[in-house]
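Residues per chain are reported as follows:
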Amino acid sequence: MNEKELNLLDKYFRAANYVSACQLYLLDNPLLKEPLRKEHIKKKIVGHWGTVPAQNFIYTHLDRVIKKYNLDMIYVSGPGHGGNFLVANTYLEGSYTEFYPNITEDEEGLKKLFKQFSFPGGISSHAAPENPGSIHEGGELGYSLAHAYGAVFDNPNLIAACVIGDGEAETGPLATSWHSNKFLNPKTDGAVIPILNLNGYKISNPTVFSRMTNKELGSFFYGLGYKPYLVEGDDPKVMHRLMAKTMDNIIMQIKDIWNSARNDNNNKMPRWPMIILRTPKGWTGPKIVDGKRVEGTFRAHQVPISMESEEHLKQLESWLKSYHPEELFDENGRLKEEIRKYLPKGNKRMGATP
Ligand SMILES: Cc1ncc(C[n+]2csc(CCOP(=O)(O)OP(=O)(O)O)c2C)c(N)n1
């Protein structure tokens, strides 16, 4: 991947993080053209941040391979409680505005998008059915992987990317769903890419998987019949390279498995690839608030800054500005053309798949 592509990926990732974070907090001043004031902020802030940046990262990289390999792909979000991530990505790719023409792709539209999130008369904080691209709400944890496999049975060209929280992975339904790989027929079914987002916490507790070493995790998933790939780190630039390489590798393997079963009559059960994405909870968010660590801890699960003091207002402003919205949106508040060009078009967008 050359430097230009890396920068574009990172710009899209920053835009998705910005639009996700702003939905939690902002009533007005959507592009931070003015200094942030109290009246720009919602009175009651409700929603999730911890799971959001990793899902934005995943969406960014799925878009990259959808475009590169012309794939039909859907996104299933186990931690659908971070619904602001799905709203952000479908808004940036344009599918949101096609369903909701009042949420325009400009400054006024951004303002409405931010205000409506988890707000009276607005939209749910989860990946609710009215959100384009949502075929799985989250909410009650445990069913993402079963839904993803169900979606690709008898759907031979579809790939379901399924993000599984390490907390969700502790539920009974999810723990048994890993075995669905044994029912997948590469001749007649599509493929699932399970992506375990190992951010270490389930609300206020550490997860069981977070107590396991990478080697143990690798052996565990190998034993379940998968070929696990570890993508671990917290430096976005390094992570973009690692994830892009891993995704390329995985897509090539899926194509090989399909080809071997469909054209060479190979009847052996394949070892399907999966990803273990080990990133800090609330990645790229506030590092320390009120003297306590937030990024990479359980405190990042819901709202990382509670907005009770002047100091919090300054912290929120500097966090949002760290994504540099002025580099991502044009003067009218539309995602810059150079970034839009990078995204899949029409039915290939995950918010618009038939
Ligand atoms: C069956 C079920 N049990 C408990 C909860 C409450 N709950 C909501 S989010 C959450 C933690 C989820 O952790 P994880 O899946 O790792 O997601 P993330 O850390 O990425 O937010 C829990 C326990 C729930 N929604 N559903």
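These numbers come from a predicted model, not from an experiment.

1. Quick look at the overall build of the chain
Stage number 1. When its secondary structure is counted, the chain shows 12 helices and 9 strands.
Stage number 2. Against the 2.2 N^0.38 benchmark of 20 Å for 354 residues, the chain shows a C-alpha radius of gyration of 20 Å, consistent with a compact globule.
Stage number 3. On the principal axes, the C-alpha backbone points of the chain span a range of 65 × 40 × 40 Å.
Stage number 4. Burial statistics for the chain: of 354 residues in total, 47% are counted as buried.
Stage number 5. Here the contacts in the chain between residues at least 6 apart in sequence split such that 74% fall between residues at least 24 apart.

2. Considerations on the site of the ligand
Stage number 1. The ligand sits among 20 residues. The nearest are Thr51, Leu141, Gly165, Gly167 and Glu168.
Stage number 2. Class assignment for the residues of the shell around the ligand results in 4 nonpolar, 11 polar and 5 charged.

3. A closer look at the nonpolar core
Stage number 1. By size, the foremost hydrophobic cluster in this structure holds 85 residues, and its most contacted members are Leu62, Ala160, Ala161, Cys162, Ile193 and Ile195.
Stage number 2. Here this core takes 11 residues from helix 1 (residues 3–25), the largest share from any one element.
Stage number 3. What Cys162 contacts, discounting residues up to four positions off in sequence, is Val76, Gly78, Ser144, Leu145, Ala148, Val192, Ile193, Pro194 and Ile195.

4. Quick notes on the environment of Val303
Stage number 1. Topologically, Val303 is positioned in the loop between strand 9 (292–293) and helix 10 (310–321).
Stage number 2. The spatial distance from the C-alpha of Val303 to the C-alpha of Gly138 is 18 Å, given a sequence separation of 165 residues.
Stage number 3. Dropping the residues within four chain positions of it, Val303 is found in contact with Leu24, Ile45, Gly47 and Trp49.

5. A few points about the packing of helix 1 against helix 2 (residues 52–69)
Stage number 1. Their axes nearest at 9 Å, the elements helix 1 and helix 2 cross at an angle of 140°. Looking at the two axes, helix 1 sits oblique to helix 2. Note on packing geometry: the crossing formed by helix 1 with helix 2 is right-handed. The residues of helix 2 that touch helix 1, namely those facing Leu9, Tyr12, Phe13, Ala16, Asn17 and Ser20, are Val52, Pro53, Asn56, Phe57, Tyr59, Thr60 and Arg64.
Stage number 2. In terms of residue class, the contact of helix 1 with helix 2 is made up of 8 nonpolar, 4 polar and 1 charged.

6. Structural notes on unusual backbone geometry
Stage number 1. Not every positive phi belongs to a glycine, and Asn265 is a case in point at roughly 55°.
Stage number 2. By the secondary structure assignment, Asn265 is in the loop between helix 9 (236–263) and strand 7 (272–278).
Stage number 3. Phi at Thr284 is positive, roughly 70°, even though this residue is not glycine.
Stage number 4. One can find Thr284 in the loop between strand 7 and strand 8 (288–289).
Stage number 5. We classify Thr284 as buried; it has 24 C-beta atoms within 10 Å.

7. Considering the packing of helix 1 against helix 9
Stage number 1. Across the interface, helix 1 lies against helix 9 with an axial gap of 10 Å and an inter-helix angle of 110°. When the axes of helix 1 and helix 9 are compared, the pair comes out roughly perpendicular. The two elements helix 1 and helix 9 cross, and the hand of that crossing is right-handed. Contacts between helix 1 and helix 9 involve Leu6, Leu9, Asp10 and Phe13 on the former and, on the latter, Pro236, Lys237, His240 and Arg241.

8. Here's the deal with the pairing of strand 3 (residues 191–197)
A regular strand places its side chains on the two faces of the sheet in alternate fashion.
Stage number 1. A large share of strand 3 lies buried, amounting to 7 of its 7 residues.
Stage number 2. Sheet topology places strand 2 (residues 158–165) next to strand 3; 7 bridges connect them, and they run parallel. Bridge pairing in strand 3 places Val163 opposite Ile195.
Stage number 3. Between strand 2 and its parallel partner strand 3, the chain crosses via helix 7 (residues 172–177), and the hand of that crossover is right-handed.

9. Topic: helix 5 (residues 107–116)
Stage number 1. All buried positions along helix 5 are accounted for by Gly109, Leu110, Lys111, Leu113 and Phe114.
Stage number 2. Its buried side turned inward, helix 5 meets helix 1, helix 3 (83–93) and helix 4 (95–99).
Stage number 3. Of the residues one or two after helix 5, Ser118 is the one with positive phi, at around 50°.

10. Describing the environment of Arg211
Stage number 1. With respect to the helices, strands and loops of the structure, Arg211 is situated in the loop between strand 5 (205–206) and helix 8 (214–223).
Stage number 2. Residue Arg211 is classed as exposed on the basis of its 9 C-beta neighbours within 10 Å.

11. What about the sheet that holds strand 7?
Stage number 1. Read across the open sheet, the 5 strands follow the order 1-2-3-7-6; overall the sheet is parallel. Pairing within the sheet leaves two strands with one partner each, and these edge strands are strand 1 (72–77) and strand 6 (226–232). Pairwise comparison of adjacent strand axes, ignoring direction, gives a mean angle of 20° for this sheet.
Stage number 2. Of the strand pairs in this sheet, strand 3 and strand 7 are connected by 3 bridges, and their pairing is parallel. The residue of strand 7 that forms the bridge with Leu196 is Ile276.
Stage number 3. Packed onto the sheet, helix 8 meets strand 6 and strand 7 and runs at close to 150° relative to strand 6.
Stage number 4. Lying over the sheet, helix 9 contacts strand 2, strand 3, strand 6 and strand 7, oriented at roughly 165° with respect to strand 6.

Cut-offs and rules
- Residues numbered from 1 in each chain as written.
- Predicted model: local features only at pLDDT ≥ 70, side-chain atom pairs only at ≥ 80, totals over all residues.
- Helix = DSSP H or I, 4+ residues; strand = E, 2+ residues; numbered from the N terminus.
- Rg over C-alpha atoms; globule rule 2.2 N^0.38 Å.
- Buried ≥ 20, exposed ≤ 12 C-beta atoms within 10 Å, placed from the backbone.
- Contact = placed C-beta atoms within 7 Å.
- Near = placed C-beta within 6 Å.
- Nonpolar A, V, L, I, M, F, W, Y, C, P; charged D, E, K, R; others polar.
- Core = buried A, V, L, I, M, F, W, Y, C linked by C-beta atoms within 7 Å.
- Axes fitted to C-alpha atoms, helices over the stretch in contact; angles between N-to-C directions.
- Parallel < 35°, antiparallel > 145°, perpendicular 65-115°, else oblique.
- Left-handed = near helix turned anticlockwise from the far one by under 90°.
- Pairing = 2+ DSSP bridges.
- Right-handed = clockwise from strand over helix to strand, strands pointing away.

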